[in-house]
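Structural overview for review
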Amino acid sequence: AQSVSQHNHHVILSEAASLELGCNYSYGGTVNLFWYVQYPGQHLQLLLKYFSGDPLVKGIKGFEAEFIKSKFSFNLRKPSVQWSDTAEYFCAVNDIGTYKYIFGTGTRLKVLA
Amino acid sequence: NAGVTQTPKFQVLKTGQSMTLQCAQDMNHEYMSWYRQDPGMGLRLIHYSVGAGITDQGEVPNGYNVSRSTTEDFPLRLLSAAPSQTSVYFCASSYSLAEQTDTQYFGPGTRLTVL
């Protein structure tokens, strides 16, 4: 069965620290990859997505992610976090052909001012 | 556009009661889906629909029914609520299935407690 693993469940950083959140998926076919963010009290919203082309994808608010096919990974990065990045981050995989989206368990990020 | 709307925002049920969670979108999206979010488990797909009249099961469909009679609406029915269904429920929609790359837009969620 397909699955998405997010290795860090809780991350605490100080402002200006660099961020990397891990995401690995298990599926041998063609997939689309997403990172969603849920700010406190708000809807989930898209940060970035990869479906083809350049494996380094840039999203909103200075986030980027790199798709490494050989490692089945899609890690999220940000060079310098801000207090306003405090949120829960979800990696998701969309299996092309089945219309099913599989989400990871999420990573709660807390940024200390 | 209102986007994706969900009602109610909060609901408390007793075991065995039935209810319907409403979801509507005004963006003419083909694809709609329901997820439940539980602590430490992320979002799990319950059911989804690729268009009016077409629905299919996700990861955790047991205990839930759906229908899609119109493009706009995708209600989720709990026939006989159980405490294990206590969760936050999110509805989502996306425009095109052609390449399945479209962003999903999420509703605000319904927090359901089953006693």
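Below, the structure is looked at part by part. (Residues numbered from 1 in each chain as written. Chains lettered and ligands numbered in written order. Predicted model: local features only at pLDDT ≥ 70, side-chain atom pairs only at ≥ 80, totals over all residues. Heavy atoms only, no water.)

A short note on the overall build of chain B
To keep things clear, this is the line we draw: What counts as a helix is a DSSP run of H or I of at least four residues, what counts as a strand is a run of E of at least two, and both are numbered from the N terminus. Radius of gyration means the value over C-alpha atoms here, while the globule rule gives 2.2 Å times the residue count to the 0.38 power. Contact definition: two residues touch when any of their heavy atoms are within 4.5 Å.
Scanning chain B from terminus to terminus reveals zero helices and 11 strands. Ordered by position from the N terminus, the helices and strands of chain B form the series β-β-β-β-β-β-β-β-β-β-β. Here chain B has a C-alpha radius of gyration of 13 Å; the compact-globule value for 115 residues is 13 Å, and the two agree. Considering only intrachain contacts with a sequence separation of at least 6, the fraction spanning at least 24 residues in chain B is 54%.

Digging into the overall build of chain A
Which entries qualify depends on this criterion: Three exposure classes are used, based on accessible area relative to the maximum for each residue type with a 1.4 Å probe and protein chains only: buried under 20%, partly exposed in between, and exposed over 50%. For the accessible areas, the method is Shrake-Rupley and the probe is 1.4 Å, while residue cover comes only from the protein chains on display. Think of it this way: Lys and Arg go in the positive column, Asp and Glu in the negative one, and His and the chain ends go nowhere. Just so you know, the charge point we use is NZ for Lys, CZ for Arg, CG for Asp and CD for Glu.
A count of helical and extended segments in chain A gives zero helices and 12 strands. The C-alpha atoms of chain A give a radius of gyration of 14 Å, which matches the 13 Å a tight globule of 113 residues would have. Referenced to the eigenvectors of the C-alpha coordinate spread, the extents of chain A come out at roughly 45 × 25 × 20 Å. Burial status across chain A gives 46% buried among its 113 residues. Accessible surface for chain A amounts to roughly 5400 Å². Of this, 54% is attributable to carbon and sulfur atoms. Between the mean site of the 10 positive side-chain charges and the mean site of the 8 negative ones, chain A shows a separation of 4 Å.

Regarding the state of the cysteines
For the record, the criterion: Disulfides are defined in this document as cysteine sulfur pairs within 2.5 Å.
Counted under the stated rule, the structure contains two disulfides over all chains. Here A:Cys23 is linked by a disulfide to A:Cys91, with a sulfur-sulfur distance of 1.9 Å. Between A:Cys23 and A:Cys91, the S-S dihedral sits near -65 degrees, and the bridge is therefore left-handed. Remark: A:Cys91 occurs in strand E10 (residues 87-95) and A:Cys23 occurs in the loop between strand E3 (19-21) and strand E4 (24-26); sequence separation between them is 68 residues. According to the relative accessible area criterion, A:Cys23 is buried, its value standing at 0%. Linked covalently through their sulfurs, B:Cys23 and B:Cys91 form a disulfide whose S-S length is 1.8 Å. Because the sign of the S-S torsion sets the handedness, a value of about -70 degrees for the bond joining B:Cys23 and B:Cys91 places this disulfide among the left-handed ones. Here B:Cys23, found in strand E3 (residues 19-25), pairs with B:Cys91, found in strand E9 (residues 87-94); they are 68 residues apart in sequence, far enough to count as distant. Each member of the pair, B:Cys23 together with B:Cys91, is buried.

Structural notes on the interface of chain B and chain A
For the record, the criterion: By buried area we mean how much accessible surface two parts lose on assembly, using a 1.4 Å probe and totalling the loss over both. In what follows, salt bridge is the name for a side-chain nitrogen of Lys or Arg lying within 4 Å of a carboxyl oxygen of Asp or Glu. We define a polar contact as two N or O atoms separated by no more than 3.5 Å, with the added condition that, inside protein, one atom must be a possible hydrogen donor and the other a possible acceptor, whereas residues neighbouring each other in sequence contribute only through side-chain atom pairs.
If you look at the interface, chain B gives 24 residues, while chain A gives 23 residues. Of the roughly 1900 Å² buried between chain B and chain A on both sides combined, carbon and sulfur atoms contribute 55%. In this structure, the connection of chain B to chain A is made through zero salt bridges. On inspection of chain B and its partner chain A, the count reaches four residue pairs in polar contact (both at pLDDT 80 or more). Breaking the side of chain B that touches chain A down by element, the ones donating at least two residues are strand E4 (31-38), strand E5 (42-51) and E9 of chain B.

Quick look at the side chain of B:Gln104
Of note, B:Gln104 is situated in the loop between E9 and strand E10 (105-106). B:Gln104 sits in the buried class, given a relative accessible area of 1%. Within the local environment of B:Gln104, its side chain forms a polar contact with the side chain of B:Tyr35, the two groups lying 3.0 Å apart. The residues contacting B:Gln104, other than those within four sequence positions of it, are A:Tyr36, A:Tyr101, A:Phe103, B:Tyr31, B:Ser33, B:Tyr35, B:Ala92, B:Ser93 and B:Ser94.

Comments concerning the pattern of salt bridges
All names here are of chain A. Considering all chains together, one arrives at seven salt bridges over all chains under this definition. Linking Glu66 and Arg77 is a salt bridge whose minimum nitrogen-to-oxygen distance equals 3.3 Å. Of this pair, Glu66 sits in strand E8 (residues 64-68) while Arg77 is found in strand E9 (residues 73-78), placing the two residues 11 residues apart along the sequence. For Arg77, a relative accessible area of 23% corresponds to the partly exposed category.

A look at the packing of aromatic side chains
Basically, it comes down to this: Here the aromatic set is Phe, Tyr and Trp, taking the six-membered ring for Trp, and pairing holds for ring centres within 6.5 Å; pairs whose planes are under 30 degrees apart are stacked, those over 60 apart are edge-to-face, and all others are tilted.
Evaluated as defined, the whole model comprises 13 aromatic pairs over all chains. Ring-pair connections join several aromatic residues into one group, and the members of that group are A:Phe34, A:Tyr36, A:Tyr101, A:Phe103, B:Tyr31, B:Tyr35, B:Tyr48 and B:Phe106.

What about the environment of B:Phe10?
Locating B:Phe10 in the fold gives a position in strand E2 (residues 10-13). For B:Phe10, a relative accessible area of 62% gives the class exposed.

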